[in-house]
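Structural overview
Take a look at the letters that make up each chain.
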Amino acid sequence: MGVWAFLAAAIAVGLGALGAGIGNGLIVSKTVEGIARQPEAKSTLQTTMFIGVGLVEALPIIGVVLAFLFYAGA
Amino acid sequence: MHTSPIIELGGIKFDLSTILMLIVTSVIVFVIAKLATRKLSVENPGKLQNFMEWTVEFVQNLISSTMDWKKGKHFLSLGLTFIMFIFVGNLLGLPFGIVTGVHDPEHAHVFGKEIVSVTEEFAKHPDVEEVELAWWKSPTADASVTMGLAFIVFFLSHFLGMTRNTKSYFKHYFQPYWFFFPINVIEQFAKLLTQGMRLFGNIFAGEVLISVLLKLTALGVGGYIASALGLIVWQGFSIFVGAIQAFVFTILTMVYISQMIESHDEHEH
């Protein structure tokens, strides 16, 4: 595959990180808003936030693994 | 990147480092659990007992946040096993590594079996002097281990759904309309795949970054400083990631089980 594999790896990592960054930012900002409004709900909100972040993280990480595969296959 | 020691038994490839690390992780978890419950006492609990009680309460809260405690109490030991095994497994790869070098394919044997990954590497690059075998890593940095764990959850949740909640289990495939059936089936397999690959990807990517940081030392003094600083930061973050992933895996297990054993009618608003 040659140089295209490196390009594919870079695109997979870069776009995956971009999307996940936006998604994580939205999750955390909404959680902070929620905690600011209702500080007593902090622990529930944090648990839900971590689940959400964990779910969002899956896709860029799969992108990274794919990128490693492209990189190794180059 | 180091090669993993893979041998072939009856046509199936076995990664010896993964098997070794699975055993090490199981032994560590067993010893922790055994030590923590050895001298149980109500008046004067030891430090380890306190820690274990905290862990059990943590998993209890985690289960009761996803389902009714009456239904969920059976899964306490499952969740406790998952969270301890995955957390210990995630951390094992961080502190050090054991790497052996093999200089020629004739010496690439273990228990009288040929290490196929080494012979392949020598066949691919005949001019390479030494193939490095990594024996110490996180067991969860191997896709077959994490997918195996995810399969346990997959089978368990579907089995429980079929036996304990038969009617609404089969009905939920046709929700909200019958032609959603393919999407609902894909969703089940997507859950299985993402649950396994999330854990694998996080830990594997972490280990790859550690080995990349270690390679910086080839650049001289500046490389050593950069490598040490990067490793301090990344290892600290990896502890956090390992804890979060163990937590996420366990809570997703409980969420998937609760989705299967709880009838959907009472939840639809």
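Cut-off values and rules
Residues numbered from 1 in each chain as written. Chains lettered and ligands numbered in written order. Predicted model: local features only at pLDDT ≥ 70, side-chain atom pairs only at ≥ 80, totals over all residues. Heavy atoms only, no water. Helix = DSSP H or I, 4+ residues; strand = E, 2+ residues; numbered from the N terminus. Buried < 20%, exposed > 50% of the residue type's maximum accessible area, 1.4 Å probe, protein only. Areas by Shrake-Rupley, 256 points an atom, 1.4 Å probe, with all protein chains shown as cover. Lys, Arg positive; Asp, Glu negative; His and termini not counted. Charge placed at Lys NZ, Arg CZ, Asp CG, Glu CD. UniProt positions renumbered as here; feature names shortened; annotations may be inferred. 1 Å grid on protein atoms, 1.4 Å probe; cavity = no way out; pocket = protein on both sides within 12 Å on 5 of 7 lines; lining within 4 Å. Points joined across faces, edges and corners; volume = space filled by probe spheres on them. Nonpolar A, V, L, I, M, F, W, Y, C, P; charged D, E, K, R; others polar. Contact = heavy atoms within 4.5 Å. Buried area = accessible area lost by both parts, 1.4 Å probe. Salt bridge = Lys/Arg side-chain N within 4 Å of Asp/Glu carboxyl O. Polar contact = N/O pair within 3.5 Å; in protein donor to acceptor, adjacent residues only side chain to side chain. Expected span 1.5 Å × (residues − 1).

Take the overall build of chain B next. If you tally the helices and strands in chain B, you get nine helices and six strands. When its C-alpha atoms are laid out on the principal axes, chain B stretches across 65 × 60 × 40 Å. Out of the 269 residues belonging to chain B, those deemed buried represent 43%. For chain B, the accessible area works out to roughly 15100 Å², and carbon and sulfur atoms hold 69% of it. Between the centroid of the 17 positive side chains of chain B and the centroid of its 22 negative side chains there is a distance of 13 Å.

For the rest of this paragraph, the subject is the UniProt feature "transmembrane region" (unreviewed entry) in chain A. On the UniProt side, "transmembrane region" (unreviewed entry) is annotated at positions that read residues 49–72 of chain A here. As a span, residues 49–72 of chain A carries 100% helix and 0% strand, and end to end its C-alpha atoms are 35 Å apart.

This part covers the layout of surface pockets. When its volume is computed, the second largest pocket comes out at roughly 630 Å³. In this structure, the second largest pocket is lined by 25 residues; those nearest its centre are B:W54, B:F58, B:L62, B:I83 and B:F247. Those elements that provide at least two residues to the lining of the second largest pocket are α2 (42–73) of chain A together with α2 (47–64), α4 (76–92) and α9 (221–261) of chain B. Across the lining of the second largest pocket, the residue classes break down as 18 nonpolar, seven polar and no charged.

Another aspect to go through is empty space enclosed by the protein. Residue and element names in this part refer to chain B. Counted by the stated rule, this structure contains one cavity of 30 Å³ or more. As a volume, the largest cavity reaches approximately 70 Å³. Every residue lining the largest cavity is listed: A150, V153, F154, S157, H158, Q188, K191, L192, Q195, Y256 and M260. Among the elements of the structure, α6 (143–164), α8 (181–215) and α9 are those that each provide at least two residues to the lining of the largest cavity. For the lining of the largest cavity, the element with the highest residue contribution is α6, accounting for five residues. Of the residues contributing to the lining of the largest cavity, the split by class is six nonpolar, four polar and one charged.

The subject of this paragraph is the interface of chain B and chain A. Taken together, the 14 residues of chain B in the interface contact 11 residues of chain A. Carbon and sulfur atoms make up 87% of the surface buried where chain B meets chain A, a total of about 1200 Å² over both sides. If you look at where chain B meets chain A, you find zero salt bridges. Counting the contacts that link chain B with chain A gives zero residue pairs in polar contact (both at pLDDT 80 or more). Of all the secondary-structure elements, those providing two or more residues to the side of chain B that touches chain A are α8 and α9 of chain B. Looking at which element gives the most residues to the side of chain B that touches chain A, the answer is α8(B), with eight residues. Counted by class, the side of chain B that touches chain A contains 11 nonpolar, two polar and one charged residues.

It is worth spelling out the environment of B:V29 at this point. Residue and element names in this part refer to chain B. Here V29 shows up in helix α1 (residues 16–36). A residue is classified by how much of its surface remains accessible, and V29, at 12% relative accessible area, is buried. Apart from residues lying up to four places away in sequence, V29 is in contact with M84, F85 and V88.

Okay, α4(B) next. Between its terminal C-alpha atoms α4(B) stretches 24 Å, which fits the 24 Å expected from 17 residues at 1.5 Å a residue. Of all 17 residues in α4(B), 12 are buried, a share of seventy percent or more.

Residue and element names in this part refer to chain B. Scanning all chains against the criterion turns up three salt bridges over all chains. Ionic pairing is found between D15 and K137, a salt bridge with its closest N-O pair at 3.5 Å. Here D15, found in strand β2 (residues 12–15), pairs with K137, found in the loop between β6 (131–134) and α6; they are 122 residues apart in sequence, far enough to count as distant. Judged on exposure class, the residue D15 and its partner K137 are both buried. Where D142 meets K137, a salt bridge forms, and the shortest distance between an N and an O atom there is 3.5 Å. You'll find D142 and K137 in the same group, each marked buried. A cluster of three or more residues bridged by salt bridges with shared partners is formed by D15, K137 and D142.

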